[in-house]
Amino acid sequence: MLSVLVVFFKRARSSVQSQICFSYGHTMTRLTFISLLVVTAMVSTATAQGGISSCCQKISNTQVHRDLLKSYYVQQPPSCSLTAVVFTTVSGKRICSTTLKLWTQTSMAYLDGKNWHRIHNNTQRK
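Criteria and cut-off values
Residues numbered from 1 in each chain as written. Predicted model: local features only at pLDDT ≥ 70, side-chain atom pairs only at ≥ 80, totals over all residues. Heavy atoms only, no water. Helix = DSSP H or I, 4+ residues; strand = E, 2+ residues; numbered from the N terminus. Disulfide = S-S within 2.5 Å. Pairing = 2+ DSSP bridges. Axes fitted to C-alpha atoms, helices over the stretch in contact; angles between N-to-C directions. Core = buried A, V, L, I, M, F, W, Y, C linked by side-chain atoms within 4.5 Å. Buried < 20%, exposed > 50% of the residue type's maximum accessible area, 1.4 Å probe, protein only. Contact = heavy atoms within 4.5 Å.

A. Highlighting unusual backbone geometry. Geometrically, the link from proline 77 to proline 78 is a cis peptide bond, its omega value of 5 degrees lying close to zero. With respect to the secondary-structure elements, proline 78 resides in the loop between strand E1 (69-75) and strand E2 (84-89).

B. Fine view of the state of the cysteines. Scanning the entire structure with this criterion turns up 2 disulfides. Note on cysteine connectivity: cysteine 55 is disulfide-linked to cysteine 80, with sulfurs 1.9 Å apart. Taking the torsion about the sulfur-sulfur bond, which here is approximately -65 degrees, the covalent link between cysteine 55 and cysteine 80 counts as left-handed. Residue cysteine 55 is located in the loop between helix H1 (2-48) and E1, and its partner cysteine 80 is located in the loop between E1 and E2; the two are separated by 25 residues in the primary sequence. Disulfides within the protein link the bonded cysteines, taken in sequence order, as 1-3, 2-4.

C. The sheet that holds strand E3 (residues 94-97), seen in detail. If you walk across this open sheet you meet the 3 strands as E1-E2-E3, and the pairing is antiparallel. Among the strands making up the open sheet, the edge pair consists of E1 and E3. Here the average twist between neighbouring strands, direction ignored, is 25 degrees.

D. Examining the nonpolar core more closely. Core analysis: the biggest nonpolar cluster contains 7 residues, these being Leu69, Val85, Phe87, Ile95, Trp103, Met108 and Leu111. A total of 3 residues in this core trace back to one element, the largest contributor, which is helix H2 (residues 102-125). Residues contacting isoleucine 95, with those up to four places away along its chain left out, are Ser60, Thr62, Val64, Val85, Val86, Phe87 and Thr89.

E. Expanded view of the pairing of E2. Most of E2 sits inside the fold, with 6 of its 6 residues counted as buried. The sheet contact formed by E1 and E2 spans 6 bridges and is antiparallel. Within E2, the position partnered with tyrosine 72 by the bridge is phenylalanine 87. Pairing geometry for E2 and E3, over 4 bridges, is antiparallel.

The following block contains the structure:
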């Protein structure tokens, strides 16, 4: 009788240990999956902003004629350390400007109006 109890307890303990190991492995799988999702979200956010390396590190005083500007976007923390308006010229160069300058504000308004007309004119022609 005693030997039957000893065998029973050994098997029960072995079963509990395997369940604990299974649970631990299952938890680690979940943590790995969640970590992978977080990293993917961070990388996609940085990529959507043009990548971390494309952040403006300083403001430029360069001003070009607005007909030479193609587009712009605003970079802001936390994606980039500096708040700036990044203009792209028709030749592909980038100009980092402060949002406080009159030239920046009028150039943004010009590009917004130019793009608005382009979108609405294409819609009316169809």
